[in-house]
Each structure stands twice: as C-alpha cells, then as structure tokens.
Amino acid sequence: ILEVAKMPSFWEKLQVDGQEMEVYASVPSGSGPFPAIVVAQHGGGVDQFIQTMCDRFAGEGYAAVAPSLDHRITAAMLADGSRPADHRSDPHIIADINATVDWLRNHTSIDGERIGITGFCMGGRVAWLAAATNPHFKAAVPHYGGNIFVKWGNPEKTPFELSSNIQCPILFHFGEIDANPSQEDMKKLDAELTRLGKQHQFYTYSGADHGFMDFTGARHHQEAAEAAWPRTLEFFAQHLKGAAVPR
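Residues numbered from 1 in each chain as written. Predicted model: local features only at pLDDT ≥ 70, side-chain atom pairs only at ≥ 80, totals over all residues. Heavy atoms only, no water.

**Q** Go over helix H4 (residues 90-105) with me, naming the residues and quoting the values.
**A** For H4, built from 16 residues, the straight-helix expectation of 22 Å at 1.5 Å per residue is met to within 8% by its first-to-last C-alpha distance of 22 Å. When we look at burial in H4, the residues that qualify are Asp90, Ile93, Asp96, Ile97, Ala99, Thr100, Val101, Trp103 and Leu104. (Helix = DSSP H or I, 4+ residues; strand = E, 2+ residues; numbered from the N terminus. Expected span 1.5 Å × (residues − 1). Buried < 20%, exposed > 50% of the residue type's maximum accessible area, 1.4 Å probe, protein only.)

**Q** Tell me about the pairing of strand E3 (residues 34-40), residues and numbers included.
**A** Across the seven residues that make up E3, a large majority, seven, are buried. Pairing analysis gives six bridges linking E3 to strand E5 (residues 110-120), with the strands arranged parallel. Bridge pairing in E5 links valine 38 to isoleucine 117. Bridge count between E3 and strand E4 (residues 63-67): three bridges; the pairing is parallel. Within the sheet, the bridge partner assigned to isoleucine 37 lies in E4 and is alanine 64. Following the chain from E3 across helix H2 (residues 48-59) to the adjacent parallel E4, one finds a crossover that is right-handed. (Pairing = 2+ DSSP bridges. Right-handed = clockwise from strand over helix to strand, strands pointing away.)

**Q** Give me the lowdown on the sheet that holds E4, citing residues and values where you can.
**A** Sheet architecture is open: eight strands sit in the order E1-E2-E4-E3-E5-E6-E7-E8, paired in mixed fashion. Each having just a single partner strand, strand E1 (9-16) and strand E8 (200-205) make up the two edges of the open sheet. For this sheet the average axis-to-axis angle between neighbouring strands, irrespective of direction, equals 20°. As defined by bridge partners, E5 adjoins strand E6 (residues 137-143) across six bridges and the pair is classed as parallel. Each bridged residue has a counterpart across the sheet, and for threonine 118 the counterpart in E6 is valine 141. (Axes fitted to C-alpha atoms, helices over the stretch in contact; angles between N-to-C directions.)

Quick look at the structure:
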C-alpha cells in the first residue's frame, strides 16, 4: 500500500489458474478507499492508449486497472502465422476479469462495492461479457465492442446470449460507420436489453469508425472521442460515486 501511495501508476502480477497475469494500475493520490474501474484492453494489448485511459480515470478519482488478457498466448502459439485473436477464449477472459475484481475487492484502498468496467474494441466485448458474468460490477461502458454475437473458445453461450445475466446499467458508444459492431448490431443489442428490462444508454457518433477513441490509431475521431469521454465520466460518477458505501 505504501508503494501505491508513492507512485501513481505501477504494474502488478496476479495469479490466474496457476499463471501470472500482469495488470497495469493507475491510482489517485490519497489513501482512498477509491471506486475502481477495470479497463479492458483493445487488440493491441495494454499499450500506450490503454495505459493513458487508466491514467485519465485516476485523474478523475478512480483506481483504474487494465489486466493483460493475452497473457496465456505465447510466441510458440503464434509461430504458425495465427493471430492473438485466434487464441482468445471467453472462459479464460472471464477468469482473468474475475481475478482482477477479486484483487480489487480485497485491496484496502479500494471500495469493493463501487467497481465498474469499460473497454475498447475487443475490450468493449469483454465489458459486456464481464457485466453478464460478474455480479460485482455497478456500471459497464463498452466502446465499439464487436463480436458480441460470436463465441470465443468453447463457451456454452455468446456474450449476447448471456445478456439476461447483466446486473448493472450499460452505456455503449458506437461509431456510425463501424462495420463491427454495425448500426444493425446496435439495434439488436438495444432491442434485447429493452426486452430484458436492462437499464442502458446507447450513443452513435456520426462519421466515426471503429477505434475512434484511440488517439494512437489511424481511425481516431477527435469529435467523437471528445463527446464520448464526458458521457462516460458522468455515467461512472452517477453509478460509482453517487453514494459512498460506509466501510
């Protein structure tokens, strides 16, 4: 804890299924307990963009942590020309997110009753999956999460088919010209959450493509990013800061 107080960001190693998983953490100054946000990586991993998003959340008073969800994927597995995406598995991702949440809930500087999740690209899909499989999340904010109708690995159900298990409000950001998730996908997701009576807000950003939040990428869309960020902060403030839980 002393180490955390001295440095605003650091790497931690967690144990998941007998393996080490690296987690990037960025924390506000002060002693807390802080609300926390899990930041699910995009395809590029826990890179400069994801670390910067964690740092931004810490600047807003949240402990933000980004688990390295590709930690099981080795160079040997990619030697045949396959991509990390070919080896990702929903059961593994769920285990990784659950381990991250358990670590947060057992940390003295975290308010374990005020944890949210956000994610970008594949991380948007992870945020939906996590909201449907971990009851501790109080808010979820997927950014352009595609492949929600698809299984990764060998789970019984797709993230979409698990939607009835979602226990928290969802704020979802879509790019208007994104092919995955498309505007048609958005309509399906919206209809399902509406049918299930799940609290949700969906926003579409005109002219924005997949990856519009990523300032390091070619598809970064300044206007969309600048509109989405305050909405995300307002949503998390409402659901994670609205009422402090007495310890």
